[in-house]
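# Chains, contacts and geometry: an overview
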Amino acid sequence: MLWSLLALLLTAAVALALIVKIALAPAKDEWAMQRRIGPLTLDLGVPTLIRLATTPWFAPWLDGRRFDTAHGPVQLHWNEERRQLQVRCAPCQAAVPALGPQPLRLEHLGITVRRDAGRLAGELEAVPPQGTPNGGPLQGRWTGLLTQRDLRVEADLADAPIARWYAVLTPELPELQRAQIGGTAGLKVQFTLPGGAAGPLGVQPRVAQFTVAGLGTEAMLGARTACGPGAGLRADSWLARAVIAAEDQRFFQHPGYDLVELAAAFDRNQHKGGIDRGGSTITQQLAKMLVTGSERTLERKLREMLYAVEMEQTLGKARILQLYLDNAPWGRVCGAEAAAKSYFRRSALRLEPAQAVWLASMLHAPSLAAERWAREGALDPQRVKWVAEGVRGISRAQRESLLRAVDKARYPWLAD
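It should be emphasised that the depicted structure is a prediction, and the values quoted were computed from it without experimental measurement. (Residues numbered from 1 in each chain as written. Predicted model: local features only at pLDDT ≥ 70, side-chain atom pairs only at ≥ 80, totals over all residues. Heavy atoms only, no water.)

## Side note on the pairing of strand 9 (residues 119-127)
Moving residue by residue along a regular strand, the side chains alternate between the two faces of the sheet. With burial as the criterion, only one face of strand 9 is covered, namely that bearing Leu-120, Gly-122, Leu-124 and Ala-126; the residues Arg-119, Ala-121, Glu-123, Glu-125 and Val-127 on the opposite face remain uncovered. Where strand 8 (residues 108-116) lies against strand 9, 7 bridges are found, and the strand directions are antiparallel. Paired with Asp-116 across the strands is Arg-119, a residue of strand 9. Judged from the 8 bridges that link them, strand 9 and strand 10 (residues 138-146) form a sheet pairing that is antiparallel. For Ala-126, the partnering residue across the bridge sits in strand 10 and is Leu-138. (Buried < 20%, exposed > 50% of the residue type's maximum accessible area, 1.4 Å probe, protein only. Helix = DSSP H or I, 4+ residues; strand = E, 2+ residues; numbered from the N terminus. Pairing = 2+ DSSP bridges.)

Structural data, given as structure tokens:
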């Protein structure tokens with residue numbers, strides 16, 4: 001009798017597994033995933049799973065269930081009154097290659113899901129750890145279009161205090177204990193699943209009245225460089241103009257950060273699957289040189305932005321540009337004066353226009369540029385020409401003269 005009962009249970013279990021396998025098996029060209037259920041590894045159609053999980057007759061079975069995922073532990077709850085599935089991931093993480101190798105981490109991410117045929121919609125909420133300064137949730141809405149091949153998602157995170165964004169994204173940032181952060185920010189995001197590590201991800205940030213105080217950047221007004229004597233360059237000098245053309249063409253228009261450049265850099269990095277373009281302004285680069293270091297993490301980037309915004313308010317454009325020129329890396333040396341004397345045997349104030357463009361074009365990758373100059377006796381001619389074409393505040397005749405000089409320039413390597 002016992003053996004008959006065991007055989008019956010085993011037969012039922014195998015039959016159930018076969019039913020599940022057949023019912024959830026992906027159709028041809030359907031978005032699919034593998035999932036291990038007991039001793040079985042099943043190929044499952046993701047759109048079918050989503051439809052099943054949001055169907056009122058099945059979703060109650062998911063209520064209270066917990067799953068371990070690559071993003072973190074996920075808890076499910078079915079709200080019968082609103083006919084929506086609630087998903088809570090805490091703590092939660094996701095790889096965003098465009099932001100660096102470290103995954104984006106959130107203390108708590110909550111998402112609600114409602115389905116009407118192939119259209120999905122819901123709310124989302126990101127909550128910082130308890131006790132975080134300026135704590136409070138980031139909230140928004142999302143919509144999705146579900147097809148057999150993919151899920152196309154658009155999300156809009158509502159405008160909220162910038163201090164709250166920092167509390168959610170980098171709650172352990174030491175500057176949050178002393179910085180007074182003003183302004184608001186919001187974000188629109190578009191992406192498609194499955195996207196892979198470098199799948200399409202579009203971002204449209206909104207920032208208004210961003211201010212920072214309390215970080216002490218006013219002390220940099222009298223700062224001295226460790227790179228040697230300062231160059232004393234004005235904004236209208238050839239080297240200053242060339243550096244702005246090379247590194248930050250909207251330097252005099254932005255408030256320390258450039259949303260256009262940041263969005264362009266994010267888009268390029270996302271398609272490349274890693275950090276390929278920085279998008280930093282001269283002010284942000286100065287903050288990196290003097291305070292934050294160059295670690296490629298979201299935390300470092302957000303710290304850099306805090307200091308950049310405050311420096312714009314405490315130092316002003318002229319002092320920021322001067323400090324940048326006096327501290328910037330130029331291959332084997334740092335600082336404009338040391339670079340001019342090392343590479344051209346003259347002071348930065350006395351550089352010829354083509355020499356200034358030559359030096360400015362090195363800043364994109366200083367060490368590699370210096371190695372190429374030493375090895376080949378030249379820099380990348382396309383980049384040098386691009387910098388020359390971007391120099392502003394000169395007449396048409398001066399530009400034509402500059403482009404002719406750059407085209408003919410052949411400078412021997414003198415830095416040994």
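Back to the text.
## Regarding helix 10 (residues 353-362)
Burial analysis of helix 10 places 9 of its 10 residues in the buried class, the great majority of the element. Of all the positions in helix 10, only Ala-354, Gln-355, Ala-356, Val-357, Trp-358, Leu-359, Ala-360, Ser-361 and Met-362 are classed as buried. Residues of helix 10 that are buried in the fold lie against helix 4 (238-247), strand 14 (329-330), helix 9 (336-344), helix 11 (366-376), helix 12 (381-390) and helix 13 (396-408). (Contact = heavy atoms within 4.5 Å.)

## Here we look at the nonpolar core
Counting residues in each nonpolar core, the largest one holds 103 residues, and the members touching the most others are Tyr-166, Phe-210, Trp-330, Tyr-343 and Leu-359. Leave out the neighbours within four places in its chain, and Tyr-343 touches Trp-330, Gly-331, Arg-332, Val-333, Leu-359, Met-362, Ala-370, Trp-373, Trp-413, Leu-414 and Ala-415. (Core = buried A, V, L, I, M, F, W, Y, C linked by side-chain atoms within 4.5 Å.)

## Structural notes on the layout of surface pockets
Here the second largest pocket defines a volume of roughly 440 Å³. Forming the walls of the second largest pocket are 19 residues, and the residues nearest its centre are Pro-103, Arg-105, Leu-169, Pro-171 and Glu-299. Taken together, the elements giving at least two residues each to the lining of the second largest pocket come down to strand 6 (92-94), strand 7 (104-106), helix 3 (162-169) and helix 7 (298-314). Per-element accounting of the lining of the second largest pocket gives the leading share, 3 residues, to strand 7. Class assignment of the residues belonging to the lining of the second largest pocket gives a composition of 10 nonpolar, 5 polar and 4 charged. (1 Å grid on protein atoms, 1.4 Å probe; cavity = no way out; pocket = protein on both sides within 12 Å on 5 of 7 lines; lining within 4 Å. Points joined across faces, edges and corners; volume = space filled by probe spheres on them. Nonpolar A, V, L, I, M, F, W, Y, C, P; charged D, E, K, R; others polar.)

## Notes on the pattern of salt bridges
Summed over all chains, the structure comprises 20 salt bridges. Between Arg-383 and Glu-247 there is a salt bridge; the shortest N-O distance is 3.6 Å. Linking Arg-383 in helix 12 with Glu-247 in helix 4, this pair joins segments that are 136 residues apart in sequence. By the burial criterion, Arg-383 is buried, and Glu-247 matches it. The partner of Lys-301 in a salt bridge is Glu-304, with the nearest N and O atoms 3.4 Å apart. (Salt bridge = Lys/Arg side-chain N within 4 Å of Asp/Glu carboxyl O.)

## Some remarks on the state of the cysteines
Cysteine pairs can be linked by a disulfide, which is a covalent bond between their two sulfur atoms. Here the structure, examined in full by the defined rule, presents 2 disulfides. With its sulfur 2.2 Å from that of its partner, Cys-89 forms a disulfide with Cys-92. Here the disulfide of Cys-89 and Cys-92 is right-handed, its torsion about the S-S bond being about 95°. With a relative accessible area of 11%, Cys-92 lands in the buried category. Each disulfide pairs two cysteine sulfurs, and for Cys-227 the partner residue is Cys-334, the sulfurs being separated by 2.0 Å. Here the disulfide of Cys-227 and Cys-334 is left-handed, its torsion about the S-S bond being about -110°. One end of the pair, Cys-227, is in the loop between strand 13 (201-213) and helix 4; the other, Cys-334, is in strand 15 (residues 333-334), with 107 residues separating them in the sequence. Cysteine pairing for the chain (bonded cysteines numbered in sequence order): 1-2, 3-4. (Disulfide = S-S within 2.5 Å.)

## Focus on the side chain of Glu-247
The class for Glu-247 is buried, based on a relative accessible area of 16%. Of note is the side chain of Glu-247, whose polar atom sits 3.2 Å from the side chain of Gln-285. When near neighbours in sequence (up to four residues on either side) are disregarded, Glu-247 contacts Ser-280, Ile-282, Gln-285, Tyr-324, Leu-363, His-364 and Arg-383. (Polar contact = N/O pair within 3.5 Å; in protein donor to acceptor, adjacent residues only side chain to side chain.)

## Some details on the packing of aromatic side chains
Taken as a whole and judged by the stated rule, the model has 11 aromatic pairs. Taken together, a centroid distance of 5.5 Å and an interplanar angle of 40° make the contact between Phe-58 and Trp-61 tilted. Taking relative accessible area as the criterion, Phe-58 reaches 21% and is therefore assigned partly exposed. Counting every residue linked through ring pairs, the aromatic cluster contains Tyr-343, Phe-344, Trp-358, Trp-373, Tyr-411 and Trp-413. Over the face of the ring belonging to Trp-61 we find Arg-65, whose NZ or CZ atom lies 3.8 Å from the ring centre. (Phe/Tyr/Trp six-rings, centres within 6.5 Å; stacked < 30°, edge-to-face > 60°. Lys NZ or Arg CZ within 6 Å of the ring centre and 35° of its normal.)

## Some remarks on the sheet that holds strand 13
As summarised here, the arrangement of the 9 strands in space is 3-4-5-8-9-10-11-12-13, forming an open sheet in which the pairing is antiparallel. The outermost strands of the open sheet, each flanked by one partner alone, are strand 3 (66-69) and strand 13. Taking each pair of neighbouring strands and ignoring which way they run, the sheet shows an average axis angle of 15°. Running at roughly 120° to strand 10, helix 2 (residues 46-53) makes contact with strand 5 (84-89), strand 8, strand 9 and strand 10 of the sheet. Contacts from helix 7 reach strand 12 (180-193) and strand 13 within the one sheet, and its direction differs from that of strand 13 by about 45°. (Axes fitted to C-alpha atoms, helices over the stretch in contact; angles between N-to-C directions.)

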